[in-house]
Amino acid sequence: MSIFNDTKIAFADKSTQQLEKAKWMFTMIQYPSLTGIGIDALNFTIKNNFPFVENIVKNTLFEQFCGGVSREESSKVVQQMYKHHIGSIFDYAIEGKEDETTFDITCEEIKQNIKFAEGNPAIPFVVFKPTGFGRLYLYTEIQKNKELTNSEKQEWEKVKQRYLEVCQLAYEKNVIIMVDAEESWMQSAVDDLVNEMMEKFNKEKAIVWNTIQMYRTGRIAYLEADLKKAQEKNYFLGYKFVRGAYMEKERARAKELNYPDPIQPNKQATDDNYDAAVEFVLNHLDKIASFFGTHNEKSTELAMDKMKSKNLSNDDYRIHFGQLYGMSDNITYYLGNQKYNASKYLPYGPVKDVVPYLTRRAQENTSVAGQTGRELGLLKKEIERRKNLR
Ligand SMILES: Cc1cc2nc3c(=O)[nH]c(=O)nc-3n(C[C@H](O)[C@H](O)[C@H](O)COP(=O)(O)OP(=O)(O)OC[C@H]3O[C@@H](n4cnc5c(N)ncnc54)[C@H](O)[C@@H]3O)c2cc1C
């Protein structure tokens, strides 16, 4: 029996009414055909300003997966979770906008998040997405080593400046800044930039962290090379380890452009690769700090077991665990209860702007085998448990 099955701990923050609502919502998104139609309709109506749809979204998907429309509104959730020893990682979840004004606004928002997190243990990390600071196309061109036009060169300088400013501020405020990972055809450009920042700001400890997607082939070798460089140049490394969120897109592009699929051949291979990363970093704690961003119970338990076998305390500052808000509370709340460093990514932003994030969550919960079934099973179990108390 899983150690993550205690629903009393998992849903300590939720009223029975909230549980009933979550149960209804996960039931709705469990049926792909229903969600398929729903998602297209949702994108269309939101884009075309149907306020009543926005209201429905706010009271359903948004409420389940987001903290609020602003950092301030999300603060209630932050305080609530922190009572259970769970940190919050504000995730400014605006996606799909590619103009300089939006990039500047996002950069400013991330700086505000850093200031908000300063000296605040309830906010252990600040995070941003590479495409929040620059166009996907531009990263791709950089990765291909393409000659940029003059205006593209200026644009790229601005991207680099945004990275520098947030990392510098994070360093000054002693707040960890973590960079998300995206598609493989732009990720090397991101890795290079983040590595530069690590080298600059991680001399005393890991302030700048990158993300490694273990569904990709060759990532253990990548990790080894990073470690060698950090040892030679004397700085610390910090990584979030995830499996990876863009598998279908990655496979489709590799097929279309006829290059080797960069993704592990099957789920087991990804799982093995993830677990190899857990093993690797726990053997190099002198240099590497880690954040295991996963809803996978086995990987989480593996990391916990390795910690125990090395006699590390549960809250060792080099090891963190994290899940997304609205999912896998059974893992996060158990970890918090046992005083591990546990956090939730807490997305926020105007309802209209976070719809791409929400539709991905809904789609993921239909496509990740078993995830919705697991959520529903736990919700039902807790509702039943509470009924029997009456
Ligand atoms: C806190 C947090 C932060 C995250 N940040 C990022 C990020 O920055 N970038 C990012 O890309 N993702 C990110 N993710 C999402 C993550 O990559 C996964 O998509 C998601 O968490 C599901 O994987 P899992 O380990 O939780 O669970 P599991 O359900 O065990 O694994 C599902 C994952 O396994 C892999 N997989 C499934 N089928 C196959 C197959 N046939 N062949 C090979 N691999 C397969 C895929 O990666 C799939 O998402 C984040 C997740 C969390 C919890």
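None of the values given here were measured: they were computed from a predicted structure.

Enquirer: Describe the overall build of the protein, with residues and values.
Expert: Along the protein, the regular secondary structure elements total 16 helices and 8 strands. When the backbone C-alpha atoms are referred to their principal axes, the protein occupies close to 65 × 55 × 45 Å. Classification of the 390 residues of the protein by burial places 42% in the buried group. Considering only contacts within the protein whose residues lie at least 6 apart along the sequence, 77% involve residues at least 24 apart.

Enquirer: Can you explain unusual backbone geometry? Please cite residues and give values.
Expert: Of note, Asn258 is a non-glycine position whose phi angle comes to about 60°, a positive value. Positionally, Asn258 belongs in the loop between helix H11 (247-257) and helix H12 (267-282). Despite not being glycine, Ser328 shows a phi value in the positive range, around 50°. Here Ser328 lies in the loop between strand E7 (319-324) and helix H14 (329-337). Ser328 sits in the buried class, given 24 other C-beta atoms within 10 Å.

Enquirer: Summarise the domain arrangement of the protein; cite the residues concerned and give the values.
Expert: Once the domains are mapped, the protein shows domain 1 (1-64 + 355-390) and domain 2 (129-329). Spacing between the C-alpha centres of domain 1 and domain 2 amounts to 28 Å. Listed by partner, the interface residues are 8 residues for domain 1 and 6 residues for domain 2.

Enquirer: With reference to specific residues and values, describe the nonpolar core.
Expert: The biggest cluster of nonpolar side chains holds 99 residues, and the ones touching the most others in it are Val126, Val166, Ala170, Ile177, Val208, Trp209 and Leu358. Among the elements that line this core, the one with the most residues is helix H9 (residues 184-201), at 8 residues. Looking at this core, you find at least three residues from each of domain 1 (1-64 + 355-390) and domain 2 (129-329). Residue contacts for Val166: discarding those within four places in its chain leaves Cys107, Ile110, Lys111, Ile114, Phe128 and Ile177.

Enquirer: Please set out the site of the ligand residue by residue, giving values where relevant.
Expert: As a matter of local geometry, the ligand sits amid 25 residues, with Asp180, Val242, Arg243, Gly293 and His295 nearest to it. Of all the secondary structure elements, the ones that give two or more residues to the shell around the ligand are strand E4 (208-213), H12 and E7. Ranked by residues supplied to the shell around the ligand, first place goes to E7 with 3 residues.

Enquirer: I'd like to hear about the pairing of strand E8 (residues 342-348), residue by residue, with values.
Expert: E8 sits mainly inside the fold: 7 of its 7 residues count as buried. Residue alternation in E8 divides its side chains into two sets, Ala342, Lys344, Leu346 and Tyr348 and Ser343, Tyr345 and Pro347, and both sets are buried. Where strand E1 (residues 86-92) lies against E8, 7 bridges are found, and the strand directions are parallel. The residue of E8 that forms the bridge with Ser88 is Lys344. With 4 bridges joining them, E7 and E8 adopt parallel strand pairing. Among the inter-strand pairings, Phe321 is bridged to a residue of E8, identified as Ala342. Each parallel crossover has a hand, and for E7 linked through H14 to E8 it is right-handed.

Enquirer: Which residues make up the packing of helix H2 (residues 16-30) against helix H16 (residues 371-389), and what values do they have?
Expert: At a minimum axis distance of 9 Å, the contact between H2 and H16 shows a crossing angle of 150°. As summarised for this structure, H2 and H16 are arranged roughly antiparallel, according to the angle between their axes. For the pair H2 and H16, the crossing hand works out as left-handed. Residues Thr16, Leu19, Glu20, Ala22, Lys23, Phe26, Thr27, Ile29 and Gln30 of H2 form the contact with H16, whose own contacting residues are Thr372, Glu375, Leu376, Leu379, Lys380, Glu382, Ile383 and Arg386. Each residue belonging to the contact of H2 with H16 can be placed in one class, and the counts come to 7 nonpolar, 4 polar and 6 charged.

Conventions adopted
- Residues numbered from 1 in each chain as written.
- Predicted model: local features only at pLDDT ≥ 70, side-chain atom pairs only at ≥ 80, totals over all residues.
- Helix = DSSP H or I, 4+ residues; strand = E, 2+ residues; numbered from the N terminus.
- Buried ≥ 20, exposed ≤ 12 C-beta atoms within 10 Å, placed from the backbone.
- Contact = placed C-beta atoms within 7 Å.
- Domains from an automatic or database assignment.
- Core = buried A, V, L, I, M, F, W, Y, C linked by C-beta atoms within 7 Å.
- Near = placed C-beta within 6 Å.
- Pairing = 2+ DSSP bridges.
- Right-handed = clockwise from strand over helix to strand, strands pointing away.
- Axes fitted to C-alpha atoms, helices over the stretch in contact; angles between N-to-C directions.
- Parallel < 35°, antiparallel > 145°, perpendicular 65-115°, else oblique.
- Left-handed = near helix turned anticlockwise from the far one by under 90°.
- Nonpolar A, V, L, I, M, F, W, Y, C, P; charged D, E, K, R; others polar.

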